[in-house]
Amino acid sequence: MTADLVSVLSGARVMPVLTVPSAATAGPLAEALAEGGARCAEVTFRTPAAEQAVRAMAAHGGLVVGAGTVLSAEQAERAVAAGARFVVSPGFDEQVVAACRELDVPVVPGIATATELMRCLRAGVDTVKLFPAEPLGGLRTLQALAAPFPGARFVPTGGIGADRLSDYLGHPAVLAVGGSWMATPAHLERAAYPEIRRLTAEAVKRSTTWERSSTWERSST
Ligand code: 3PG
């Protein structure tokens, strides 16, 4: 991973994860997120509009836009051609990682176990998405996984809401937290852009006001 994405994520601290239903949604969505103070966003390849949404949101200019739910090298290529500046995957796939390296774009693979994390580190990737973070056990699991791997950095995602954001950000191995709560499919369906802007602003505010908890010393489990 290039230093560039690390600085984007550690500067942003919170990353909206988006499932965009139509290309027409992308412009106003990018506007609402940027107005709310988001610095980056992940557009999941879960809808036919994903590629166009990446293109439109990247063109907006106010956000560093990446592609998520990237499951194959071919999808990674399409995402990057559309303007994705980074690639996120729910799991670790050598071909996706190799394609991203070829494309010279940072990749954040998903991991749920120590074995998967070791595979990522061996492949030269040290920033991973802990997914699905809350069903896996949340912070306690993150703490236990982080302890043996001092070089690993995490973007926990999955089941996290505003209420848990500060807790995750208090862990020193967490670069940023991802989640869909700021702009859910339901928000997008009813074009609830003011609400998206409000939830994003609230998350950004929380992400800048957390206090590091002494509970989360990296070296202890
Ligand atoms: C993802 O793809 O990263 C997750 O689906 C986002 O998780 P959340 O919807 O539980 O926030």
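Treat the numbers as computed from the prediction; the structure is a model and nothing was measured.

Undergrad: Would you mind going over the pairing of strand β2 (residues 40-44) in detail, with residue names and values included?
TA: The buried count for β2 comes to five of five residues, which makes it a mostly enclosed element. Every second residue of β2 is oriented toward a common face, with Cys40, Glu42 and Thr44 on one face and Ala41 and Val43 on the other, all of them buried. Judged from the two bridges that link them, strand β1 (residues 14-18) and β2 form a sheet pairing that is parallel. Residue leucine 18 lies in a different strand from β2, and its bridge partner there is valine 43. Running through helix α2 (residues 23-36), the crossover from β1 to the neighbouring parallel element β2 is right-handed. Two strands pair when backbone bridges link them, and β2 and strand β3 (residues 64-68) are joined in this way by five bridges, in the parallel orientation. Bridging from a neighbouring strand, cysteine 40 pairs with valine 64 of β3. Read as a crossover between parallel neighbours, the route from β2 over helix α3 (residues 50-60) to β3 is right-handed.

Undergrad: Kindly report on the nonpolar core, identifying the contributing residues and their values.
TA: Of all hydrophobic cores here, the largest spans 64 residues; its most connected members are Leu18, Leu29, Leu33, Val43, Met57 and Phe154. Apart from the residues within four sequence positions on either side, leucine 29 is in contact with Leu18, Val20, Met57, Ala183, Leu188, Tyr193 and Ile196. Within the second largest apolar cluster, 14 residues are counted, among which are Val6, Val64, Val88 and Ala176.

Undergrad: Lay out the pairing of β3 with the relevant residues and their values.
TA: For β3, a buried count of five out of five residues is recorded, marking the element as mostly surrounded by other parts of the structure. The side-chain alternation of β3 yields two buried faces, one formed by Val64, Gly66 and Gly68 and the other by Val65 and Ala67.

Undergrad: Quick rundown of the sheet that holds strand β6 (residues 110-111)? Include the residues and the values.
TA: Within a sheet, adjacent strands bond to each other through the backbone by hydrogen bonds, running parallel or antiparallel. Within the open sheet, the three strands sit side by side as β6-β7-β8. Their pairing is parallel. Unpaired on one side and paired on the other, β6 and β8 (153-154) mark the two borders of the sheet. Of the pairings in the sheet, the one linking β6 to strand β7 (residues 127-130) comprises two bridges and is parallel in character. Across the sheet, the residue bridging to isoleucine 111 is leucine 130, located in β7.

Undergrad: Report on unusual backbone geometry, specifying residues and quantitative values.
TA: With an omega dihedral of -10 degrees, the bond running from phenylalanine 131 to proline 132 counts as a cis peptide bond. Structurally, proline 132 can be placed in the loop between β7 and α7 (133-136). A positive phi angle, close to 65 degrees, is found at arginine 13, a residue other than glycine. With respect to the helices and strands, the residue arginine 13 is situated in the loop between α1 (3-12) and β1.

Undergrad: Give a description of the site of the ligand that names residues and reports values.
TA: Lining the immediate environment of the ligand, one finds Val17, Arg46, Lys129, Phe131, Thr157, Gly158, Gly159, Gly179 and Ser180. In the environment of the ligand, an oxygen atom lies 2.5 Å from a nitrogen or oxygen atom belonging to the side chain of lysine 129. Between the ligand and glycine 159, the relevant distance is 2.6 Å, taken from an oxygen atom to a main-chain nitrogen or oxygen of the residue. Starting from 310 Å² of accessible surface for the ligand in isolation, the protein chains cover 80%. Residues that form the shell around the ligand fall into these classes: two nonpolar, five polar and two charged.

About the thresholds
- Residues numbered from 1 in each chain as written.
- Predicted model: local features only at pLDDT ≥ 70, side-chain atom pairs only at ≥ 80, totals over all residues.
- Heavy atoms only, no water.
- Buried < 20%, exposed > 50% of the residue type's maximum accessible area, 1.4 Å probe, protein only.
- Helix = DSSP H or I, 4+ residues; strand = E, 2+ residues; numbered from the N terminus.
- Pairing = 2+ DSSP bridges.
- Right-handed = clockwise from strand over helix to strand, strands pointing away.
- Core = buried A, V, L, I, M, F, W, Y, C linked by side-chain atoms within 4.5 Å.
- Contact = heavy atoms within 4.5 Å.
- Near = heavy atom within 4 Å.
- Polar contact = N/O pair within 3.5 Å; in protein donor to acceptor, adjacent residues only side chain to side chain.
- Areas by Shrake-Rupley, 256 points an atom, 1.4 Å probe, with all protein chains shown as cover.
- Nonpolar A, V, L, I, M, F, W, Y, C, P; charged D, E, K, R; others polar.

Don't take any of this as a statement about function, it's just geometry.
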